[in-house]
Amino acid sequence: VSSKILIAGGTVVNADHQEVADVYVEDGVIVDVRPNIKVSDGVRIVDATGKFVMPGGIDPHTHLAMEFMGTETIDNFFSGQAAALAGGTTMHIDFVIPVNGSLSKGYEAYVEKAKLSCMDYGFHMAITKWDDTVSNEMEIMVKEKGINSFKFFMAYKGSLMISDELLLEGLKQCKSLGALAMVHAENGDAVFEGQKRMIELGITGPEGHALSRPPVLEGEATARAIRLAAFVNTPLYVVHVMSIDAMEEIARARKSGQKVIGEPVVSGLVLDDSVLWDPDFITAAKQVTIFVFVMSPPIRASGHGKALQAALSTGILKLVGTDHCTFNSTQKSFGIDDFRKIPNGVNGLEERMHLVWDTMVESGQLSVTDFVRVTSTECAKLFNIYPRKGAIRAGSDADIIIFNPNSTFHISASSHHSKSDTNVYEGRHGKGKVEVTIAGGKIVWENEELKVVPGSGKYISMPPFNYLYNGIDKADENYLTSLKAPVNRIKPSL
Ligand code: DUC
Ligand code: ZN
Ligand code: ZN
Ligand code: ZN
């Protein structure tokens with residue numbers, strides 16, 4: 001494989017600008033971007049005339065090789081990333097889950113899992129309990145391990161869920177470390193209650209999953225997390241915004257100047273829950289086919305997806321993830337008698353770029369430059385790895401896609417690269433196709449063929465924040481401390 005590549009004659013798109021230019025790549029790095037680059041023999045020339053040349057996608061939200069709900073996701077770091085590359089995503093950020101509450105053990109476990117990697121990746125870390133050890137380990141993760149974001153689950157009572165008290169501690173520690181706090185926002189106590197109610201009513205099928213955790217519980221937790229972040233005066237990232245309820249809380253907070261970043265996921269943007277209520281499906285025999293739709297928060301009624309699209313288009317929501325978390329139909333059927341046992345999660349790593357293009361760009365809701373912003377650049381900037389990632393410019397990593405807007409994509413479990421035997425987007429097709437993916441300077445996807453090598457992906461260390469914290473009102477930075485200051489008050493005499 002040649003390590004020197006010239007991508008010739010395409011329209012190079014960055015988040016702020018597009019122009020017809022050549023892109024010259026050598027040893028994994030973009031060396032030059034300008035029209036009419038002349039190269040010597042031995043350079044592989046890829047014609048991109050009439051096509052878009054864009055930064056590879058960065059998925060901010062995945063779960064590969066995750067142990068969850070009594071099983072493990074079917075996609076590991078190799079199969080999940082191979083799927084990603086076939087769909088034009090060249091980097092992802094996965095969530096490290098602590099081992100028995102230990103962050104360092106969790107980190108070591110994920111370092112092992114990630115040895116299979118065939119593309120670049122970074123880590124967020126979940127925080128599932130609280131004590132001084134956790135607090136100290138967070139500091140080690142930020143200062144020594146390249147992790148600059150921590151996720152708090154407000155749902156999954158009894159396993160991952162944390163209390164408001166812990167969330168407050170976590171927010172304070174994130175603030176002091178220059179790390180970004182993330183939340184899975186659903187009211188876990190209420191979900192637990194909702195689930196019990198469904199089972200009492202005899203609703204054990206997957207519709208019980210959706211009914212037990214309605215949008216109002218997502219809205220409540222989102223609002224609570226936003227207000228606690230305001231109290232601590234630190235930025236907040238809300239993962240998988242699935243409902244109007246949650247989105248409106250984010251919109252309100254942003255309007256008042258609070259730094260809240262909302263991440264819609266592809267499933268929330270393009271799917272709706274109609275399949276749950278299709279009478280043909282509500283029979284025992286066919287239920288497993290809809291188990292594939294079970295994720296948390298649940299896929300909502302159709303108006304929610306449309307509203308989330310509009311919010312992405314107007315900048316209320318910032319970047320698109322997937323929450324890629326796949327299980328095969330055998331694993332999904334663990335919940336055949338009880339929806340609470342269906343492992344939660346859907347696919348999306350391979351489909352994200354195509355579905356965002358088709359849903360948002362083809363419909364006129366996003367420009368081509370905005371497409372690059374929401375699928376790549378915003379994520380790179382937010383997690384402090386821009387312009388190494390998220391840009392086509394001299395000095396950036398050579399993670400590049402060639403996208404043909406006039407071709408078509410088709411999605412099916414029979415042709416996808418995930419190890420899952422189902423695909424939540426089965427049968428979908430639309431305009432636009434990732435024809436070539438270049439990752440780390442190598443052509444890994446071309447002519448519908450993957451050429452990927454386990455172990456070739458690099459860990460991308462993410463430094464603590466600068467720009468997110470710029471602009472926080474200094475006068476307000478010690479808000480919590482100031483609350484403790486004694487105030488001399490004279491009791492008014494009547
Ligand atoms: N939701 C899912 O559907 N899967 C993984 C974790 C989560 O929060
Ligand atoms: Zn989640
Ligand atoms: Zn997730
Ligand atoms: Zn088709």
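On a predicted model such as this, the values are computed, not experimentally measured, just so you know.

Draft legend 1. Up close: unusual backbone geometry. For the peptide bond that leads from Ser-296 to Pro-297, omega is -10°, which places it in the cis range. Within the secondary structure, Pro-297 is located in the loop between helix 10 (287–291) and helix 11 (302–314). With omega at 5°, the peptide bond leading from Tyr-386 into Pro-387 counts as cis. By the secondary structure assignment, Pro-387 is in the loop between helix 14 (368–382) and strand 15 (400–410). We note that Asn-100 has phi near 45°; this positive angle belongs to a residue other than glycine. Topologically, Asn-100 is positioned in the loop between strand 9 (89–96) and helix 2 (103–113).

Draft legend 2. How the structure looks around the sheet that holds strand 14 (residues 260–262). The sheet built from seven strands is open, its strands ordered 6-9-10-11-12-13-14 with parallel pairing. The open sheet has two edge strands with one neighbour each: strand 6 (57–62) and strand 14. Put simply, the sheet's adjacent strands are angled 25° from each other on average, direction ignored. Sheet analysis places strand 11 (residues 149–153) next to strand 12 (residues 180–184), joined by five bridges and oriented parallel. In the strand pairing of strand 12, Phe-153 is matched with His-184.

Draft legend 3. Looking closely at the site of ligand 1. The environment of ligand 1 is formed by His-63, His-184, Met-295, Ser-296, Asp-323, Cys-325, Asn-344 and Gly-345. A breakdown of the residues in the shell around ligand 1 according to their chemical character gives two nonpolar, five polar and one charged.

Draft legend 4. Region of the structure containing helix 4 (residues 164–177). For helix 4, which comprises 14 residues, the first-to-last C-alpha distance of 20 Å matches the rise-based estimate of 20 Å (1.5 Å per residue) to within 8%. Residues Leu-167, Gly-170, Leu-171, Gln-173, Cys-174 and Lys-175 constitute the buried set of helix 4. Looking at the residues trailing helix 4, positive phi occurs at Gly-178, about 70°.

Draft legend 5. Spotlight on the UniProt feature "modified residue: N6-carboxylysine" (unreviewed entry) in the chain. Sites flagged by UniProt as "modified residue: N6-carboxylysine" (unreviewed entry) map to Lys-151. Locating Lys-151 in the fold gives a position in strand 11. Sequence-distant contacts of Lys-151, defined by excluding residues within four places in its chain, comprise Phe-95, His-124, Ala-126, Met-182, Val-183, His-184 and Val-239.

Draft legend 6. Just the nonpolar core, in detail. Judged by nonpolar contacts, the single largest core of 148 residues is most densely connected at Val-23, Val-53, Leu-85, Ala-181, Val-183, Ala-225 and Val-238. Take this core: its biggest share by element is seven residues, from helix 1 (residues 77–86). In this structure Val-183 touches Lys-151, Phe-152, Met-154, Ala-225, Leu-236, Val-238 and Val-239, once residues within four positions along its chain are discounted.

Cut-offs and rules
Residues numbered from 1 in each chain as written. Chains lettered and ligands numbered in written order. Predicted model: local features only at pLDDT ≥ 70, side-chain atom pairs only at ≥ 80, totals over all residues. Helix = DSSP H or I, 4+ residues; strand = E, 2+ residues; numbered from the N terminus. Pairing = 2+ DSSP bridges. Axes fitted to C-alpha atoms, helices over the stretch in contact; angles between N-to-C directions. Near = placed C-beta within 6 Å. Nonpolar A, V, L, I, M, F, W, Y, C, P; charged D, E, K, R; others polar. Expected span 1.5 Å × (residues − 1). Buried ≥ 20, exposed ≤ 12 C-beta atoms within 10 Å, placed from the backbone. UniProt positions renumbered as here; feature names shortened; annotations may be inferred. Contact = placed C-beta atoms within 7 Å. Core = buried A, V, L, I, M, F, W, Y, C linked by C-beta atoms within 7 Å.

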